[in-house]
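Examination of the molecular architecture
So you can see what is in the structure, the chains are spelled out below.
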Amino acid sequence: MATVSSSSNTGESPCLLKRHVLLLGYRGSGKTSSCMTLSGQEEVSAGQPTKEAFLCTKTLDGMQLLLVDTPGWSLESADLVAERLDGQSPTSAHIRHLCYPGVHALLLVVPIGEPFTEQHRRGMLERLESAGMHVWRYSIVLFTGADRLWGNGVEEFIAEGGAALQRLVERCGNRYHALDNTCSETSIQVSELLQKLEEMVQENDGSFFVINDSIQAPWPAHIQQGQEIDGMMGDAEVSPIFRSPPRELRMLLVGWQGAGKSSAGNVILGGRKFESGRRTEVSLRCQAYVSGRRLTIVDTPGWDWFSIARTPAHIRKEIKRGAGLLHPGPHALLLVIPVISTLTSRKRRALENHLEMFGKEVSLHTLVLFSCGDWLGATPIEEQIQRNGGQLLSLMAYCFNYYHVLDSTSAARGQDQVSDLLLKVEEMVAQNEGRPFLPVKLNEEQEDEATCGKCTLQ
């Protein structure tokens, strides 16, 4: 295989952006089910062994997605030669025809809930690297069976999945995605995967990965196939994935009406993603690639200043729905408070009561985000916290002293502040061992009413 520019003459219409995607993996990994989920073509037969490669297409948002499903690999080493991607077997020749002129992404399908052993990893490496070492620049690990996570994040699954799985993810540049093929509503999952694919395409300058007819040059004599040549050799120790900064951060903006949540979201994402200056009625989810990280942020409607009982039930439900948009759960809640606010005991209790809609452990995942940071001038935020008095100090203690200031009036200063904010969020994620919240149930009106009944209107 080699790479060529996707702008080369392909005979395709220049008016429709096309993305060629190849699904690879072992038998029973969920390749065909994933192809159905991504293409929406229910007539494709899942659950049966795929005997030959076939093409599915889907057009969305001015882009045509061309998905090539392939026969599953065997763990038996005797089948390696026939299954390698060096263009020599009839199967690889057919794949090359379906993928012409090349692929933008290879999705390496790995099922959640089943062991991924060193034998799996080495077999995968030998099949892929027969096509050339550049293959990893175009590879994403696609985890299937996300419904088996049971509320845990895919990052935790990777961390507990063993060295073989961690090495595979790292080999793919820490690019991965989890797919729930049992979910009836898949648009969010598909959109997230396509955005990750587009980021990889940009990183590769829009090039294809092309299957050639020629056999690749032999491996150097001192390197065996299935081993890495970039420093990850043999049984070298690999640190758990959560000890590295997470590639993806999911954050939920919460707070009072008019606290500046939408403006804060725009500063963090580096553009006008949310409509600021007017009341947020429904939770809205936006994404961007910032400082080497994928950020997914959900802006939510504001709650009442003085009591959870005065926040309408439909607003509480919409805020919880916002958390549900961050499947499998947010890494952090950003509690937005204007730095010029005076916090009374009643307001502090209202803040904590609203936060506890998400469970008693919410304080472990909450960072106080002070908006209107320009108001401080040269005054340090710590001095402002001391001036505000004991109620703000109590809130800081409740959130384990995770806080940050954003100045939305200066673009240059805002970029530095965003980088610092993301480092603090990652520190909090590390303290929580990479765990996001458990998914939030959306139909808890009775529980809400019971909670409100315990809240006073002092």
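Before going into details, it helps to say that this report is about the structure given with it. Note that this is a predicted model, so its numbers are computed, not measured. (Residues numbered from 1 in each chain as written. Predicted model: local features only at pLDDT ≥ 70, side-chain atom pairs only at ≥ 80, totals over all residues. Heavy atoms only, no water.)

1. Things to note about the overall build of the chain
- Counting its regular elements, the chain contains 14 helices and 14 strands.
- A total of 458 residues make up the chain; the buried ones form 54% of that total.
- The long-range fraction of contacts in the chain, counting pairs at least 24 apart against all pairs at least 6 apart in sequence, stands at 77%.
- With an accessible surface of roughly 20,400 Å², the chain has 51% of that area assigned to carbon and sulfur atoms. (Helix = DSSP H or I, 4+ residues; strand = E, 2+ residues; numbered from the N terminus. Buried < 20%, exposed > 50% of the residue type's maximum accessible area, 1.4 Å probe, protein only. Contact = heavy atoms within 4.5 Å. Areas by Shrake-Rupley, 256 points an atom, 1.4 Å probe, with all protein chains shown as cover.)

2. Looking at the sheet that holds strand 2 (residues 17–25)
- If you walk across this open sheet you meet the six strands as 3-4-2-5-6-7, and the pairing is mixed. A single partner strand is all that each edge strand has here, and the edge strands are strand 3 (54–60) and strand 7 (176–179). Averaged over neighbouring strand pairs, the angle between their axes works out to 25 degrees when direction is ignored.
- Sheet topology note: the strand 2/strand 5 (residues 105–111) ladder contains five bridges and is parallel. The residue of strand 5 that forms the bridge with Val21 is Ala105.
- Along the sheet face, helix 6 (residues 163–171) touches strand 5, strand 6 (139–144) and strand 7 and points at about 135 degrees away from the line of strand 6. (Pairing = 2+ DSSP bridges. Axes fitted to C-alpha atoms, helices over the stretch in contact; angles between N-to-C directions.)

3. Quick notes on empty space enclosed by the protein
- Taken as a whole and assessed by the stated rule, the structure comprises four cavities of 30 Å³ or more.
- Of the pockets and cavities examined, the second largest cavity occupies roughly 50 Å³. (1 Å grid on protein atoms, 1.4 Å probe; cavity = no way out; pocket = protein on both sides within 12 Å on 5 of 7 lines; lining within 4 Å. Points joined across faces, edges and corners; volume = space filled by probe spheres on them.)

4. Some words on the pattern of salt bridges
- If you walk through the whole model with that rule in mind, you get 17 salt bridges.
- A salt bridge links Glu118 to Arg167; the nearest nitrogen and oxygen atoms lie 3.9 Å apart. With Glu118 in helix 4 (residues 118–129) and Arg167 in helix 6, this pair connects stretches of sequence that are 49 residues apart.
- A residue is classified by how much of its surface remains accessible, and Glu118, at 26% relative accessible area, is partly exposed.
- For Arg167, a relative accessible area of 5% puts it in the buried group.
- Ionic pairing is found between Glu199 and Arg294, a salt bridge with its closest N-O pair at 3.0 Å. (Salt bridge = Lys/Arg side-chain N within 4 Å of Asp/Glu carboxyl O.)

5. Looking at the pairing of strand 4 (residues 63–69)
- In terms of burial, strand 4 is largely enclosed, as seven of its seven residues are buried.
- Of the two faces of strand 4, both are covered, the one formed by Met63, Leu65, Leu67 and Asp69 as well as the one formed by Gln64, Leu66 and Val68.
- As defined by bridge partners, strand 2 adjoins strand 4 across six bridges and the pair is classed as parallel. When the bridges of strand 4 are listed, Lys18 appears paired with Gln64.
- Sheet topology places strand 3 next to strand 4; seven bridges connect them, and they run antiparallel. Bridge pairing links Thr57 to Leu66 in strand 4.

6. Brief notes about the nonpolar core
- Counting 59 residues, the largest nonpolar core has Ile268, Phe370 and Leu395 as its most contacted members.
- One finds Tyr26, Cys99, Val103 and Leu108 within the second-largest nonpolar core, a separate group that totals 37 residues. (Core = buried A, V, L, I, M, F, W, Y, C linked by side-chain atoms within 4.5 Å.)

7. Remarks on the environment of Cys56
- Here Cys56 lies in strand 3.
- For the pair formed by Cys56 and Gly40, sequence separation is 16 residues and the distance between their alpha carbons is 9.1 Å.

8. Examining helix 11 (residues 381–388)
- Restricting attention to buried positions, one finds in helix 11 the residues Ile381, Gln384, Ile385 and Asn388. Buried residues along helix 11 cover an arc of 100 degrees about the axis, so they all sit on one side. Seen from the open side of helix 11, the exposed residues pointing more than 90 degrees away from its buried face are Gln386 and Arg387.
- Looking at the buried residues of helix 11, the elements they touch are strand 13 (366–371), helix 12 (390–398) and strand 14 (403–405).
- A positive backbone phi angle near 105 degrees is found at Gly389, which sits one or two residues after helix 11. (Arc of directions from axis to C-beta.)

9. Some details on the packing of helix 11 against helix 12
- Direction vectors running N to C along helix 11 and helix 12 enclose 120 degrees, while the axes themselves pass 5 Å from each other. Comparing the axis directions of helix 11 and helix 12 gives the class oblique. Counted together, Ile385, Gln386 and Asn388 of helix 11 and Gly390, Leu392, Leu393 and Met396 of helix 12 form the full contact between these two elements. (Parallel < 35°, antiparallel > 145°, perpendicular 65-115°, else oblique.)

10. Concerning helix 12
- Among all positions in helix 12, only Leu392, Leu395, Met396 and Tyr398 are buried. All buried residues of helix 12 project into a common sector of 160 degrees when viewed along the axis, lining one side.
- Buried residues along helix 12 sit against strand 12 (332–338), helix 10 (345–355), strand 13, helix 11 and strand 14.
- Directly beyond the C-terminal end of helix 12, a positive phi value near 55 degrees is found at Phe400.

11. Quick notes on the side chain of His177
- If you trace the backbone, His177 turns up in strand 7.
- At 3.0 Å, the side chain of His177 and the side chain of Lys196 are in polar contact.
- Filtering out sequence-adjacent residues up to four positions away, His177 remains in contact with Ile140, Val141, Leu142, Phe143, Gln189, Glu192, Leu193 and Lys196. (Polar contact = N/O pair within 3.5 Å; in protein donor to acceptor, adjacent residues only side chain to side chain.)

12. Regarding the packing of helix 4 against helix 6
- Interhelical geometry of helix 4 versus helix 6 gives an angle of 25 degrees and a closest axis separation of 8 Å. The angle between the axes of helix 4 and helix 6 places the two elements in the roughly parallel class. For the pair helix 4 and helix 6, the sense of crossing is left-handed. Across from Glu118, Arg121, Met124 and Glu129 in helix 4, the residues of helix 6 making contact are Ala164, Arg167, Leu168 and Arg171.
- Tallied by class, the residues present in the contact of helix 4 with helix 6 amount to three nonpolar, no polar and five charged. (Left-handed = near helix turned anticlockwise from the far one by under 90°. Nonpolar A, V, L, I, M, F, W, Y, C, P; charged D, E, K, R; others polar.)

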